[in-house]
Structure formats: structure tokens, C-alpha cells
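If you want the building blocks of each chain, they are given just below.
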Amino acid sequence: MDIKRVKDYIYWLYYQYLLITCSYVLEPWEQSMFHTITVTVFAMVVYTAYVFVPIHVRLAFEFFSQIFGGQPESTV
């Protein structure tokens, strides 16, 4: 893949992000604050999903396996 095409595609994605969030109308210092807050919130959501979703999936699996006739863990 051509490097220029990849670079143009990344610029296009960034431009789409600016259009969707309407942050292209902000001043540069406002844009940097907006991007900082957006990246921070996104990172916190990803971290929370990484830490807590597997726990809840495991608990839901155990709950539904007990409801639908699964064997208790002590007999396995």
C-alpha cells in the first residue's frame, strides 16, 4: 500500500472527525481542550470495558447456566 494513500486516508478520517464533532469551528486552544477531553473519556471507557465486561459476562454465564439446569461447580 502506498504511504501517500495511507496518509491521505488518515487525513480524511481526521477531517471527518472534525466535521462530525463540529470542532473545526473552534479556536486552536479550544480544539486542543476538546480533543484532550474526548481522548480521556474514550480511554476511560475502553479501560472500564476491558476491566469490568469480562467479569459481568462470567457472572451472567454462571447465572444463566444455573437457571437452565447446569451442574453446580461443586459437582464438576
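Before reading further, recall that the structure is shown in the block above.
Residues numbered from 1 in each chain as written. Predicted model: local features only at pLDDT ≥ 70, side-chain atom pairs only at ≥ 80, totals over all residues. Heavy atoms only, no water.

(A) Seen up close, the overall build of the protein. Scanning the protein for helices and strands turns up two helices and zero strands. Relative to its 76 residues, the protein shows a buried fraction of 5%. Carbon and sulfur atoms form 73% of the exposed surface of the protein, whose accessible area is close to 7000 Å². (Helix = DSSP H or I, 4+ residues; strand = E, 2+ residues; numbered from the N terminus. Buried < 20%, exposed > 50% of the residue type's maximum accessible area, 1.4 Å probe, protein only. Areas by Shrake-Rupley, 256 points an atom, 1.4 Å probe, with all protein chains shown as cover.)

(B) Expanded view of the packing of helix H1 (residues 3-21) against helix H2 (residues 28-67). Put simply, H1 and H2 touch, their axes get as near as 13 Å, and they point 95° apart. Considering their axes alone, H1 and H2 lie roughly perpendicular with respect to each other. Here Tyr14, Tyr17, Leu18 and Thr21 of H1 come into contact with H2, specifically with Gln31, Phe34, His35 and Thr38. Looking at side-chain class alone, the contact of H1 with H2 contains four nonpolar, four polar and no charged residues. (Axes fitted to C-alpha atoms, helices over the stretch in contact; angles between N-to-C directions. Parallel < 35°, antiparallel > 145°, perpendicular 65-115°, else oblique. Contact = heavy atoms within 4.5 Å. Nonpolar A, V, L, I, M, F, W, Y, C, P; charged D, E, K, R; others polar.)

(C) Structural context of H1. With 19 residues, H1 ought to run about 27 Å at 1.5 Å a step, and its terminal C-alpha atoms sit 27 Å apart, in line with that. A positive phi of about 60° marks cysteine 22, the residue just after H1. (Expected span 1.5 Å × (residues − 1).)

(D) Local environment of the side chain of histidine 35. Secondary-structure assignment places histidine 35 in helix H2. Those residues in contact with histidine 35 that lie beyond four places of it in its chain are Tyr14, Tyr17, Leu18 and Ser23.

(E) Up close: unusual backbone geometry. In the Ramachandran plot, cysteine 22 falls in the positive-phi region, its phi being about 60° despite a non-glycine side chain. Structurally, cysteine 22 is set in the loop between H1 and H2. Note on cysteine 22: relative accessible area 44%, which makes it partly exposed.

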